[in-house]
Amino acid sequence: MGRYFGTDGVRGVANLELDALLAFRIGAAAAYVLAQEATHSGKAKLLIGKDTRISSDMLENALVAGICSVGADVELLGVIPTPAVAYLTIKHKADAGIVISASHNSFEYNGIKIFAGNGYKLPDATETKIEDLIDDFDSIPKVTHEKLGRVLQSRIDPVVEYTDHLAETIKGDLSGLRVAVDCANGASSTTVERLMRLVECKAEIRFYEPDGVNINDNCGSTHLEQLKNRVRNGDFDLGVAFDGDADRCLIVDETGEELDGDRIMAVCAAHMKKEGKLRGGAFVATVLSNMGLHAYAEKNGMRIECSNVGDRYVLEMMLQKGYILGGEQSGHVIFLEYASTGDGELTALQFMAILKASGKKCSEIAAEVVPWPQVMINVKVPNDQKNTLQELPAVKAAIDQAASELGENGRILVRPSGTEALVRVMVEGKDGEQVDTLAKRVAKVVESVV
C-alpha cells in the first residue's frame, strides 16, 4: 500500500484525515498524471460519481477545482454506484472515473478511488506517480487562460445507461421472484427501483432514503439483522443487501440465513460450469475464503486460485490467469464478462436468475456449500502500527501457538485491513468452540500490545 492509496483508494475521516485541500491535490495530481499518460490529443476528461455522505459534496467540489486547475475537464454523474462509474468511464471513453465513497464505513468517513480509462483501478505505478505529486505539489504545472478545464454539461444519464446495461446481462426476466432489498441508504438508492422494474422482479425496497448521515447506519451488507427479520416475517424468496457504494452484495435466503460472498460465488461458479462458461474450470477467491468453499469446488470439479485480500488483487489474478469469475467473502464478486470491478447489483441479478431457473428455494441451491466454522475479530490498531504488528514477539508467539493447536484441522490468519485502522484476526477450523477460543485469545494479545 502507498502513502495515500490503500487497497481501495484514499480513505479517512472527512475534513480531518481527508479534507478539501487533500482532495484538491488528489484531483490535480491525478488529472495531470492521467493527461500525461493519455494517447489522445486534447484535454483529458474525467467522470466523477459519489455516494450519499454529507461530505461527498465538499470533496466533489475540491476534486473538480483540482482537476480544472491543471487543464482537464470534468463530467459529474451525481449519486451513483461505484461500478456504474467504472462502466460509464469505459462506455464514454473518459480518461478516468473517480468515485467519492467510503463503501461500508460509517458516514463520517469518506474516500476517493480512481478507475483508469479501461475501467480497472489504477495500477500501482500510476498511484505512486500521483502520490509523488501530492507530496511535491508545487511541481505540477499550472495552466491559465483558455487552457483551464471546465465542468462539462453532461449528456450522460447514468441511472438509465447503467441499469439498462445490468438488465441486459440476464436472459428473460425475474418475474415470479419476490425480494427484499436493503440499499444501505447509499448509492444504490438511485438505481435499484428502476432496475427491479426492468427485470420485472417484485421488490420491497428499504433503506433508500439517504439524509447524508444514515448511510450504513444499522443497515446494508454489514448490518443484516433487519433484513433477516423482514425476510423471515414476510413472503420473500430472498433478501439482498448492498453496501454504501453498491460494489458488494450479500444475500439472505428465505429462512433468514446469510449467504456470504463465498457461497454466492460457489452457486454462480457451479452454474457457469454447467453452462460451459467457467473459463479454465476455475475462479479466484482470497486467502480468507472458507475451506468449505474449497471442498465444494473440489467436489464439483472446479479449481480455486487464491489471491491476497482486496478486490484489486482478485482482479489482478483473474486477468493474469484468464478467469472470468472471482470475489471475496465480503460480497465483492467480479463477473468479468460484464464488469471491470465488483458490482453488487450485477451479483444480485446473476444469483436471482440462477435461482429462478433452478425452480428451487434459495436455501436449497446454497445447501451444498457447507462453511467451516470461522471467526473474524477486528482489533483497532493505528494505521502507523498495523502493518508491523505481526513482527512483535508476543503476537508472533500467539499466532504460532494457535496454529499448532489447530494443526491440519484449521488455520489462522492475522492481517491489517487495507481500508481501516484495524487488524483482522481470522481463525477457521472444524471445531467451532476451539475456533472461537483461539480467535479471542489471539485478539486479546493484539489488543495488549497496541
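Refer to the structure above for everything that follows.
Rules behind the numbers
Residues numbered from 1 in each chain as written. Predicted model: local features only at pLDDT ≥ 70, side-chain atom pairs only at ≥ 80, totals over all residues. Heavy atoms only, no water. Helix = DSSP H or I, 4+ residues; strand = E, 2+ residues; numbered from the N terminus. Rg over C-alpha atoms; globule rule 2.2 N^0.38 Å. Buried < 20%, exposed > 50% of the residue type's maximum accessible area, 1.4 Å probe, protein only. Contact = heavy atoms within 4.5 Å. Areas by Shrake-Rupley, 256 points an atom, 1.4 Å probe, with all protein chains shown as cover. Lys, Arg positive; Asp, Glu negative; His and termini not counted. Charge placed at Lys NZ, Arg CZ, Asp CG, Glu CD. Phe/Tyr/Trp six-rings, centres within 6.5 Å; stacked < 30°, edge-to-face > 60°. Lys NZ or Arg CZ within 6 Å of the ring centre and 35° of its normal. Axes fitted to C-alpha atoms, helices over the stretch in contact; angles between N-to-C directions. Parallel < 35°, antiparallel > 145°, perpendicular 65-115°, else oblique. Left-handed = near helix turned anticlockwise from the far one by under 90°. Nonpolar A, V, L, I, M, F, W, Y, C, P; charged D, E, K, R; others polar. Core = buried A, V, L, I, M, F, W, Y, C linked by side-chain atoms within 4.5 Å. Polar contact = N/O pair within 3.5 Å; in protein donor to acceptor, adjacent residues only side chain to side chain.

Colleague: Can you walk me through the overall build of the protein chain in this structure?
Modeller: A tally of regular secondary structure across the protein chain gives 15 helices and 17 strands. A compact globule built from 450 residues would reach a C-alpha radius of gyration of about 22 Å, and the protein chain, at 22 Å, matches this within 12%. Summarising its shape, the C-alpha atoms of the protein chain cover approximately 70 × 60 × 40 Å along the three principal directions. In the protein chain, which comprises 450 residues, the proportion classed as buried is 55%. Excluding contacts between residues fewer than 6 apart, the proportion of contacts in the protein chain whose partners are at least 24 apart in sequence is 71%. Accessible surface, the protein chain as shown: approximately 18,700 Å² in total, 48% of it carbon and sulfur. Distance between charge centroids for the protein chain: 3 Å, based on 48 positive and 65 negative side chains.

Colleague: Before we go on, may I ask you to explain the side chain of Ser-55 in this structure?
Modeller: Tracing the backbone shows Ser-55 in the loop between β2 (45-50) and α2 (56-69). Ignoring any residue separated from it by four or fewer positions in sequence, one finds Ser-55 in contact with Ala-14, Tyr-109 and Asn-110.

Colleague: What is the right way to read the packing of aromatic side chains from this model?
Modeller: Where two aromatic rings form a pair, the distance of their centres and the angle of their planes describe that pair. All told, the structure shown has one aromatic pair when counted by the stated rule. Of note, Lys-142 hangs over the ring of Phe-137, and the distance from its end group to the ring centre comes to 4.7 Å. Lying over the aromatic face of Phe-236, Arg-178 brings its terminal NZ or CZ to 4.2 Å of the ring centre.

Colleague: When you look at the packing of helix α1 (residues 20-37) against helix α4 (residues 124-135) in this model, what are you seeing that I'm missing?
Modeller: Packed helix pairs are characterised by how far apart their axes lie and by the angle those axes make with each other. Where α1 meets α4, the axes come as close as 9 Å, and the angle between the chain directions of the two elements is 130 degrees. Between α1 and α4, the crossing angle belongs to the class labelled oblique. Here α1 runs over α4; the crossing is right-handed. Touching Leu-22, Arg-25, Ile-26, Ala-29, Ala-30, Tyr-32, Val-33, Leu-34 and Glu-37 of α1 are Thr-126, Lys-129, Ile-130, Leu-133 and Ile-134, all from α4. The residue makeup of the contact of α1 with α4, split by class, is ten nonpolar, one polar and three charged.

Colleague: Can you help me understand the nonpolar core in this one?
Modeller: Formed by 64 residues in total, the largest nonpolar core has its most connected members in Phe-283 and Met-352. Among residues more than four places away in sequence, those in contact with Met-352 are Leu-174, Leu-177, Val-179, Met-196, Cys-201 and Leu-238. Phe-5, Ala-72, Ile-100 and Leu-122 belong to the second largest nonpolar core, which has 36 residues in total.

Colleague: Please explain the side chain of Glu-131 as it appears in this structure.
Modeller: You can see Glu-131 is positioned in helix α4. A residue is classified by how much of its surface remains accessible, and Glu-131, at 2% relative accessible area, is buried. At 2.7 Å, the side chain of Glu-131 forms a polar contact with the backbone nitrogen of Tyr-4.

Taken by themselves, the reported measurements are silent on function.
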